[in-house]
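Overview (structure and organization)
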Amino acid sequence: MEENRDFDMDELIDALSERLEEMLEDAVADQIEDAVTCAVQDVFDEALHSSLSRFEFVLDNGTVVRPRQLMKVISPDKSKMLLCYGGLRVDGSSLQVQTAACSWAEITYYRTREEAIEALQKVKDAMMADASICEL
């Protein structure tokens, strides 16, 4: 026996309209969230760079380093590139680069501490010249 179903076109249109409206609201909300996130990140990056550029780090050896956010530092053998968050330090004969607020990574070892300090000075000079990259 075949069942006779009443098909209510108005109900279908209402249901589809409601679902379409929800999908559009979600899509618009996602677009707005993405746009706001990008804008905040851009402003934050500029503000952070502006704020950091006014500070100096004085190292144990007396070297003054003025931070330049995200300058690329390339090791002498070109095997490693680090983004410098702003700080540099010499640990023994190792030159280390600050890669985040609380994170340091070794860029290379030198034969002597003096050579490491000379390399640190080279990176500092590149920062002062507002270079975007420093090859050791």
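Every value quoted in this text rests on a predicted model; they were computed, and no experiment measured them.

Conventions used here
One numbering rule holds for all chains: residues counted from 1, following each sequence as written. Per-residue local features are limited, in this predicted model, to residues with pLDDT of at least 70; the limit for side-chain atom pairs, both in listing and counting, is 80 or more; totals at the level of whole chains, interfaces and linings are taken over all residues. Processing note: side-chain calculations cover all non-hydrogen atoms of the structure and skip hydrogens and water entirely. The criterion for strand pairing is that DSSP finds at least two bridges linking the strands in question. Helix and strand labels come from DSSP, where a helix needs a run of H or I of at least four residues and a strand needs a run of E of at least two; each type is numbered from the N terminus. In this analysis an axis means a line fitted to C-alpha atoms, helices contributing only their contacting stretch, and an angle means the value between N-to-C directions, from 0 to 180 degrees. Confidence scores here are pLDDT values: one per residue, from the predictor, ranging 0 to 100.

Each strand in a sheet pairs with another by means of backbone hydrogen bonds, the pair being arranged parallel or else antiparallel. Read from one edge to the other, the open sheet built from three strands follows the order E4-E3-E8, with strand pairing classed as mixed. Each edge of the open sheet is held by one strand with a lone partner, namely strand E4 (81–84) and strand E8 (133–135). Neighbour to neighbour, the strand axes of the sheet diverge by 20° on average, direction disregarded. Where strand E3 (residues 71–74) lies against E4, four bridges are found, and the strand directions are antiparallel. By the bridge assignment, Met71 is partnered in E4 with Cys84.

So, on to the confidence of the model for the chain. Taken as a whole, the chain shows an average pLDDT of 78; of its residues, 71% reach a score of 70 or greater. The secondary structure element of the chain with the lowest average pLDDT is strand E2 (residues 64–65), at 62, and the one with the highest is E8, at 92.

This part takes up unusual backbone geometry. Even without glycine at this site, Lys78 takes up a positive phi of about 65°. Looking at the secondary structure, you find Lys78 in the loop between E3 and E4. If you check the backbone angles, Asp130 has positive phi at about 60° while not being a glycine.

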